[in-house]
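# Residue-level structural notes
Below are the chains, spelled out letter by letter.
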Amino acid sequence: MKLWNVLRMGLVALASTLLISGCGTPGKTPRPPSTGPKVKADPGEPEVDKLRAGDTIRVIFSNLERQIQPHEEQIKADGTITLPSVGVVKAEGKTTGELQNELQKSYEKYYRSMNVIVQAPERYYSVGGEVKNPMRYVYVGGTTVIKAIQSASDFTEFAKRKEVVLTRANGKRIVVNCEKALRDPRLDPPVYPGDSIHVPRRFF
């Protein structure tokens, strides 16, 4: 009788183990629950660290026996600048560091000990409409619509927060619901140099 009880307990334990292991689907890992819609990256968004036509850059020359005056020039529509000794150089689409390295190598043919420094211009974005301090702001990187509005001392009491308009430098318009963006940072688009933000007025 005792032997039968031991065998019965063993069969019950084996059946339980098989039942538990059979509940899952072999080879598959459970997916985590959805956290809401994802915002896709915009392939047309600019590379903010790249120089563009219209930017004014300053090239400084140092470590020379005879001082050469700094060269300041606005990048032309074709993306080039014209420098003494080396002539026409493509600047658009390069970072200041890339352009600086290129110029350093070019000038080493004429001045072995010369140091070349390329300084980028300050870039701006603007915030207008129903914010407490509408104006143009210096772009310092990592800015979003919500952060930009906060930099402008936040919304006025008449702001229409659900229909804020972000206009890219290329003319593209994006309507931002700032109430949702405050709850979900993925709905808060980045702001780039040359962009403008307009907060409309509500009439009720």
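A brief structural summary. Computed from a predicted structure; not experimentally measured.

Attention now moves to the nonpolar core. By size, the foremost hydrophobic cluster in this structure holds 21 residues, and its most contacted members are Val-127, Val-145, Ile-149, Val-164, Cys-178 and Ile-197. Broken down by secondary-structure element, the contributors of at least two residues to this core are β6 (124-129), α3 (145-151), β8 (164-167), α4 (178-183) and β10 (196-199). Sorting elements by how many residues they give to this core places α3 first, with four residues. Every residue in contact with Val-164, bar those within four places of it in the chain, is listed here: Val-145, Ile-149, Phe-155, Ile-174, Val-175, Val-176, Cys-178, Ile-197, His-198, Val-199 and Pro-200. Grouped together as the second largest cluster of nonpolar side chains are 17 residues, Leu-51, Ile-68, Ile-75 and Val-116 included.

Glycine aside, residues mostly have negative phi angles, and peptide bonds mostly take the trans form. One non-glycine residue, Asn-63, lies in the positive phi region at around 65°. Mapped onto the elements of the fold, Asn-63 is located in the loop between β1 (56-62) and β2 (71-74). In this structure, Ser-85 takes a positive phi of about 75° despite not being glycine. Among the structural elements, Ser-85 can be located in the loop between β3 (80-83) and β4 (87-90).

Next up on the list: the sheet that holds β2. Here three strands make up an open sheet; going across it, the order is β2-β1-β5 and the pairing antiparallel. On the outer flanks of this sheet lie β2 and β5 (115-119), each paired with one strand and no other. Across the sheet, the axes of successive neighbouring strands diverge by a mean angle of 20°, strand direction being ignored. Summarising the sheet, β1 and β2 pair through four bridges and their orientation is antiparallel. Pairing of Arg-58 across the sheet is with Glu-72, part of β2. Against the sheet, helix α2 (residues 96-107) engages β1 and β5, with an angle of about 150° to β5.

Under the defined criterion, the tally for this structure stands at nine salt bridges. Residue Glu-73 pairs with Lys-76 through a salt bridge whose shortest N-O separation is 2.5 Å. The buried category is assigned to Glu-73, whose relative accessible area is 13%. Taking the shortest distance from any N to any O, the salt bridge between Arg-201 and Glu-130 comes out at 3.3 Å. Of this pair, Arg-201 sits in the segment after β10 while Glu-130 sits in the loop between β6 and β7 (135-138), and the two are 71 residues apart along the sequence. Accessibility expressed as a relative area gives 38% for Arg-201, which makes it partly exposed. On the accessibility criterion, Glu-130 (15% relative accessible area) is buried.

As a further point, take the sheet that holds β6. One open sheet accounts for five strands, arranged β7-β6-β10-β8-β9; its pairing is mixed. Since the sheet does not close on itself, it has two edges, and those belong to β7 and β9 (173-176), each with one partner. On average, each strand axis in the sheet is inclined to that of its neighbour by 20°, with strand direction left out of account. The sheet contact formed by β6 and β7 spans four bridges and is antiparallel. Of the residues in β7, the one forming a bridge with Ser-126 is Arg-136.

Our next topic: the packing of aromatic side chains. Throughout the structure, instances matching the rule amount to two aromatic pairs. The interplanar angle of 65° and the centroid separation of 5.1 Å between the aromatic rings of Phe-61 and Tyr-107 together place this pair among those described as edge-to-face. On the criterion of sequence distance, the pair formed by Phe-61 in strand β1 and Tyr-107 in helix α2 is long-range, its members being 46 residues apart. The buried category is assigned to Tyr-107, whose relative accessible area is 2%. When the centroid spacing of 5.9 Å and the interplanar angle of 20° are considered together, the rings of Tyr-125 and Tyr-137 count as stacked. Placement of Tyr-125 in strand β6 and of Tyr-137 in strand β7 is noted, with a sequence separation of twelve residues between them. The ring of Tyr-124 is capped by Arg-136, whose NZ or CZ atom sits 3.7 Å from the centre of that ring. When the ring centre of Phe-158 is taken as origin, the NZ or CZ atom of Arg-201, which lies over that ring, is 4.3 Å away.

Definitions and cut-offs
- Residues numbered from 1 in each chain as written.
- Predicted model: local features only at pLDDT ≥ 70, side-chain atom pairs only at ≥ 80, totals over all residues.
- Heavy atoms only, no water.
- Core = buried A, V, L, I, M, F, W, Y, C linked by side-chain atoms within 4.5 Å.
- Buried < 20%, exposed > 50% of the residue type's maximum accessible area, 1.4 Å probe, protein only.
- Helix = DSSP H or I, 4+ residues; strand = E, 2+ residues; numbered from the N terminus.
- Contact = heavy atoms within 4.5 Å.
- Pairing = 2+ DSSP bridges.
- Axes fitted to C-alpha atoms, helices over the stretch in contact; angles between N-to-C directions.
- Salt bridge = Lys/Arg side-chain N within 4 Å of Asp/Glu carboxyl O.
- Phe/Tyr/Trp six-rings, centres within 6.5 Å; stacked < 30°, edge-to-face > 60°.
- Lys NZ or Arg CZ within 6 Å of the ring centre and 35° of its normal.

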